[in-house]
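Close look at the chain arrangement
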Amino acid sequence: MTASGLNASADESAPDYTKLREYLIEAGTQDLDPVGLTLVMHRQAVQNRLEESLALTKLTISDDVRDRLLQDVLNEILGFGPLQPLLEDPEITEIMVNGSRSIYIEKNGRLERTKVIFRDDLHIRKIIDRILAPLGRHIDPESPMVDARLPDGSRVNAIVPPCAVDGPSLTIRKFRKDKFSIMQLIELNSLTQGMADFLRACVLGRLNIMISGGTGSGKTTLLNALSGIIPEAERIVTIEDAAELQLQQDHVVRLETKLASVEGHGTVTVRELVRNSLRMRPDRIIVGECRGGEALDMLQAMNTGHDGSLTTIHANTPRDALSRLETLVLMAGMDLPVKIIRQQISSAMDVIVQISRMRDGTRKLTAITEVAGMEGDVITLSDIFKFTQTGMDADGKVLGQVKPTGIRPLFGPRLEAAGYKLTADIFGATAADILAARQRR
């Protein structure tokens, strides 16, 4: 092996670099027993072995290439290979592997193609297997799709041939270690102070709230922020497919679904967890996402005294959210007339909060809508706040403004009875309107 290809600008695909990298990977994993070692001790032991092995080659390598090579090998042995630097970057929110040479990320709300590559499809499979192994899960042509999560809570979806035509695909939704508060969302222009005050009153007043939005719109982020308003003294039960919520309260019971074993037994669904949660004396039930027959059980819980519940749903508008909720209730297998389902929804649900990912990558609350009741066979909706887009600037930034519609919600007296009286200006009343109202008293 020569050092000719190993200079400060060495390409990881250069033959000499690749050979040295493979040599170090073998040296770093051979006869090194991690039993009894902490993660820090194991990492240090591997690094010492790599440095000793590199010294034995007597190659002259620049410090830049040496450091990059050692880090690359450490990531391959102890981490998730080429993806490790992307996972460690706090600004990256999503990683999308479309094949060995096509890796994209979402950063600051925008998609970018990276320079990161895998050696081949087998290399991707190796990293997927490393993610799944500690979870007791597997993926193969007979079972080509899997959902899982990394130790830090990041959500992982993998799919391999024959379903993935162009090779293994891997998508990682990264888990934020620090959750957004309502105040931070205001600073990011995701919502206004008036909207925040209104939502705070709705949560404290124990209204049932459904967050609606598309994929990647920020539903879970908003759900986390709203859950932070729940009083510390209340008992909260959270139900999720994969535990992502980061509640700060002490009295929280976190429930998570369970997939079937290799033998096909032991499945625990969201619906079963919702039913079980009703026996756990919850003050609040938070369902991470409604996506199946559990919608019926959730509505029944809301209609039988378990108010103040929160959930999310995939939909692009508040009206679409109701239509999707109807469909999910029908998936429960109960032969209910549509009118009865709509009556259940209208009496259970109080507020729909619509959040959207805009074309410039920003997330905004585009509507806060009251579920006002029924007119005939139709559920009535009233927008309390509405975002109106006016255009885009030269840099591609979305222009627009959120304004109160002037409509006061019918549940206003419920909030006041709970001790949360909202001022008239939140709903768009001007100073002159407020003065005139006072003079009429």
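A short tour of the structure in this document, coming up. Remember, it's a predicted structure, so these values are computed and weren't measured experimentally.

Thoughts on the pattern of salt bridges
Under the definition given, this model contains 20 salt bridges. A salt bridge links D307 to R206; the nearest nitrogen and oxygen atoms lie 3.1 Å apart. Placement of the pair is D307 in the loop between α10 (294-302) and β11 (310-314) and R206 in the loop between α7 (193-204) and β7 (209-213), with a sequence separation of 101 residues. Taking the relative accessible area as the measure of exposure, D307 reaches 27% and is therefore partly exposed. A salt bridge links D350 to R414; the shortest N-O distance between them is 3.1 Å.

Considerations on the environment of H251
Note that H251 resides in the loop between β8 (236-240) and β9 (252-256). Look at H251 and you get partly exposed, because its relative accessible area is 36%. Counting along the chain gives 24 residues from H251 to S227, while the straight-line C-alpha distance between them is 13 Å. At 3.0 Å, the side chain of H251 and the side chain of R235 are in polar contact.

Brief notes about α10
Here α10 lies mainly inside the structure; 8 of its 9 residues are buried. Of the residues making up α10, those classed as buried are E294, A295, L296, D297, M298, L299, A301 and M302. Those residues of α10 that are buried are in contact with α9 (270-277), β10 (284-287), β11, α11 (318-330) and α12 (338-348).

Let's talk about unusual backbone geometry
Most of the time, phi is negative for any residue but glycine, and the peptide bond is trans. For the bond running from P161 to P162, omega is 10°, close enough to zero to count as cis. By the secondary structure assignment, P162 is in the loop between β5 (155-159) and β6 (169-173). Of note, the phi angle at N189 is positive, near 65°, even though the residue is not glycine. A residue is classified by how much of its surface remains accessible, and N189, at 51% relative accessible area, is exposed. You will see that R206, though not glycine, has its phi angle at about 60°, which is positive.

A closer look at the sheet that holds β7
Spatial ordering of the open sheet is given by β9-β8-β10-β11-β7-β12-β13-β14-β15, a layout of 9 strands whose pairing is mixed. Each end of this open sheet is capped by a strand with a single partner; those strands are β9 and β15 (398-404). Neighbour-to-neighbour, the strand axes of the sheet open up by a mean angle of 25°, direction not taken into account. Here α11 sits on the sheet in contact with β7, β11, β12 (351-357), β13 (363-375) and β14 (378-392), set at roughly 135° to β14. Strands β13 and β14 of the sheet are contacted by α12, whose axis makes an angle of about 120° with β13.

Digging into the packing of α10 against α12
Running from amino to carboxyl end, α10 crosses α12 at an angle of 50°, the nearest separation of the two axes being 9 Å. In terms of their interaxial angle, α10 and α12 are classed as oblique. The hand of the α10/α12 crossing is left-handed. Of the residues in α12, those in contact with L299, Q300 and M302 of α10 are Q344, I345 and A348. Among the residues making up the contact of α10 with α12, the classes are represented as 4 nonpolar, 2 polar and no charged.

Structural notes on the nonpolar core
F198, V353, L365 and I368 are the most contacted members of the largest nonpolar core, which has 41 residues in total. Of all the secondary structure elements, the ones that give two or more residues to this core are α6 (182-187), α7, β7, α8 (219-227), β12, β13, β14 and β15. Sort the elements by how many residues they give to this core and α7 lands first, with 7 residues. If we skip the residues at most four places from it in the chain, L365 touches S190, L191, M195, L199, L222, V353, Q354, I355, F387 and V402.

Here we look at the sheet that holds strand β4 (residues 145-149)
Ordered by their spatial adjacency, 6 strands build an open sheet running β3-β2-β1-β6-β5-β4, and the pairing between neighbours is antiparallel. Each edge of the open sheet is held by one strand with a lone partner, namely β3 (110-113) and β4. On average, each strand axis in the sheet is inclined to that of its neighbour by 15°, with strand direction left out of account. Of the strand pairs in this sheet, strand β2 (residues 103-107) and β3 are connected by 4 bridges, and their pairing is antiparallel. Residue I105 lies in a different strand from β3, and its bridge partner there is E112. Each of β1 (92-97), β4, β5 and β6 touches helix α5 (residues 121-132); the most contacted strand, β6, lies at about 45° to it.

Thresholds applied
- Residues numbered from 1 in each chain as written.
- Predicted model: local features only at pLDDT ≥ 70, side-chain atom pairs only at ≥ 80, totals over all residues.
- Heavy atoms only, no water.
- Salt bridge = Lys/Arg side-chain N within 4 Å of Asp/Glu carboxyl O.
- Helix = DSSP H or I, 4+ residues; strand = E, 2+ residues; numbered from the N terminus.
- Buried < 20%, exposed > 50% of the residue type's maximum accessible area, 1.4 Å probe, protein only.
- Polar contact = N/O pair within 3.5 Å; in protein donor to acceptor, adjacent residues only side chain to side chain.
- Contact = heavy atoms within 4.5 Å.
- Pairing = 2+ DSSP bridges.
- Axes fitted to C-alpha atoms, helices over the stretch in contact; angles between N-to-C directions.
- Parallel < 35°, antiparallel > 145°, perpendicular 65-115°, else oblique.
- Left-handed = near helix turned anticlockwise from the far one by under 90°.
- Nonpolar A, V, L, I, M, F, W, Y, C, P; charged D, E, K, R; others polar.
- Core = buried A, V, L, I, M, F, W, Y, C linked by side-chain atoms within 4.5 Å.

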